[in-house]
Protein chains: 2
Amino acid sequence: MPIRILLADDHRLFRQGMISLMRTREDLVEVVGEAETGEEAVQMTGMLRPDVVLMDIYMPQKDGLQAAKEILSRFPGVAIVMLTSSEHDGHLYEAVRLGVAGYLLKNLDADELFELLEGVTHGEAAMTRSMAMRLLKGVAGRMVDAESGEEALSERELVVLRFVANGASNAEIAENLSISINTVKSHLKNILEKLQLANRTQAATYALRRGLVLPREK
Amino acid sequence: MPIRILLADDHRLFRQGMISLMRTREDLVEVVGEAETGEEAVQMTGMLRPDVVLMDIYMPQKDGLQAAKEILSRFPGVAIVMLTSSEHDGHLYEAVRLGVAGYLLKNLDADELFELLEGVTHGEAAMTRSMAMRLLKGVAGRMVDAESGEEALSERELVVLRFVANGASNAEIAENLSISINTVKSHLKNILEKLQLANRTQAATYALRRGLVLPREK
DNA sequence: AACTGCCTCACTCTAAAGGGTGATTACATC
DNA sequence: GATGTAATCACCCTTTAGAGTGAGGCAGTT
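Because the structure is a prediction, the values reported are computed rather than measured. (Residues numbered from 1 in each chain as written. Chains lettered and ligands numbered in written order. Predicted model: local features only at pLDDT ≥ 70, side-chain atom pairs only at ≥ 80, totals over all residues. Heavy atoms only, no water.)

1. Let's talk about the protein's contact with DNA strand C
- Every one of the 17 residues lining DNA strand C counts as a neighbour, but Lys185 and Lys189 of chain A together with Ser154, Arg156 and Ser180 of chain B are closest to it.
- Lys189 of chain A is positioned with one of its side-chain polar atoms (N or O) 2.9 Å from a base nitrogen of DNA strand C.
- In this structure, Ser180 of chain B approaches DNA strand C through a main-chain N or O atom, which is 2.7 Å from a phosphate oxygen.
- Within the residue set of the surface near DNA strand C, elements represented by two or more residues are helix H9 (181-195) of chain A together with helix H7 (155-165) and helix H9 (181-195) of chain B.
- The leading source of residues in the surface near DNA strand C is H9 of chain B, at four residues.
- Classifying every residue of the surface near DNA strand C gives three nonpolar, nine polar and five charged. (Near = heavy atom within 4 Å. Polar contact = N/O pair within 3.5 Å; in protein donor to acceptor, adjacent residues only side chain to side chain. Helix = DSSP H or I, 4+ residues; strand = E, 2+ residues; numbered from the N terminus. Nonpolar A, V, L, I, M, F, W, Y, C, P; charged D, E, K, R; others polar.)

2. A short note on the environment of Ala67 of chain A
Residues and elements named next belong to chain A.
- With respect to the element layout, Ala67 can be found in helix H3 (residues 64-74).
- A relative accessible area of 0% places Ala67 in the buried class.
- Along the sequence, Ala67 and Glu39 sit 28 residues apart, while their C-alpha atoms lie 6.5 Å from each other.
- Excluding residues that lie within four positions of it along the chain, Ala67 makes contacts with Gly38, Val42, Met55 and Lys62. (Buried < 20%, exposed > 50% of the residue type's maximum accessible area, 1.4 Å probe, protein only. Contact = heavy atoms within 4.5 Å.)

3. Describing helix H2 (residues 38-48) of chain B
Residues and elements named next belong to chain B.
- Taken residue by residue, H2 has Gly38, Ala41, Val42, Met44 and Thr45 as its buried positions.
- Residues of H2 that are buried in the fold lie against strand E1 (3-8), strand E2 (29-35), strand E3 (52-55) and helix H3 (64-74).
- One or two positions beyond H2, positive phi appears at Arg49, with a value near 45°.

4. Observations concerning the protein's contact with DNA strand D
- Near DNA strand D there are 17 residues, and of these Ser154, Arg156, Ser180 and His187 of chain A together with Lys185 of chain B occur at the shortest range.
- Taking all atoms of DNA strand D within 4 Å of the protein, the share assigned to sugar and phosphate is 60%.
- Between Ser186 of chain A and DNA strand D, the recorded distance is 3.5 Å, taken from a side-chain N or O atom to a base nitrogen.
- Between Lys185 of chain B and DNA strand D, the recorded distance is 2.8 Å, taken from a side-chain N or O atom to a base oxygen.
- Broken down by secondary-structure element, the contributors of at least two residues to the surface near DNA strand D are helix H7 (155-165) and H9 of chain A together with H9 of chain B.
- For the surface near DNA strand D, a count of residues per class yields three nonpolar, nine polar and five charged.

5. Focus on unusual backbone geometry
Residues and elements named next belong to chain A.
- With a phi angle near 45°, Arg49 is a residue other than glycine that sits in the positive phi range.
- Inspection of the secondary structure assignment puts Arg49 in the loop between helix H2 (38-48) and strand E3 (52-55).
- Although it is not a glycine, Gln196 adopts a positive phi angle of roughly 60°.
- Position of Gln196 among the secondary structure elements: in the loop between H9 and helix H10 (200-209).
- When its relative accessible area of 64% is taken as the criterion, Gln196 is described as exposed.

Right under this line is the structure:
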């Protein structure tokens, strides 16, 4: 019997395209459900109990990584394969840390996808050579990073960074947090050092691109 | 005869899905070519002269907007329909300004897409109600902005702003553009005044949020 | 010819940012 | 009890950013 698949992606066109593709291999794969949001993916997984969830990362309400975490804790038998366009190494590491069964980029050939999906049902990991390589490099990179002193930001540093990302000056941050400007400078200095950045503007763009602050309009 | 379509998207899976979908409506649409990068899209357009180019925005080498600009100036007869996941208003405005025939989100139904594509060949614009609404709101917003003193940035100012958004210092910008640091300061001063911003960090986040620079990974 | 906007640059001055060093308190961990 | 880390702050010093003012060249428009 074919592999039962739940498709979680917020782009209807992409889902429809995938379904159309999978119809050409009905012997191997069958799309049993679709989800538009992470929240929906969790619920549908509970109801349908698919063999594999093909999960995008960027989704409204709850992103694919959060949804994956929840699914893995509640329905450990379900295999999750991330299928995303994110070239962001951080997403890859996070997904692997959660224990997903695969991480694939949308820049992938359909036949390869079918092959890898079949492997997943046999307990293999779904990952292309290039993704595996990036993962290895990432692990190596983290070891180097640990040696060279890069660590995660503290809570307070994150708060300061968010202010910076909103264009606040040190004085304004100090006032808002009711601390001395020296302390703000101190935090910012640590932030720049930890993240290996040169100035506050780079810190701001870093924060925006990592989604540490919401990209509000206007 | 069917509408001849060039598919420009860097995700192979998406392209394959779209092709599979369009095979179901062979009477109406035909994919005559695929492009993985903006540069490729330009070249393929020259060679194939499709009726419509379905163009994504995020692509390596040359993004969809740049490619659209080039195609429209070199092959004015070709209709370009942006098909993207970008909810960024800046991208929408830019595309419309360039003169594309449509702007659609990938969160779209296949049947709707087919309908809209047919409309394009009859000279209609391919745009969903919600996109049209966003466009109108954007225009209204810009009129208000114009009254309150916001003006468009000059070409040079945009270049400087892009550097700022990448975290460059005035000295670095000056060196890269081979102009004096005083000139850079002068440009930046005008930018801040035109956009009613307080400092370069705000300018950087402004640029990022408006999509003036592509949110590169890494 | 006059005007306008854009790009270029200079000079001054003040405010802000950022690097370095060191120190205290508090809290958790080992 | 020692160690470590986070958060707080101070002082000094150098570099950078930003505001103000003025000005020349150049292209396009009226």
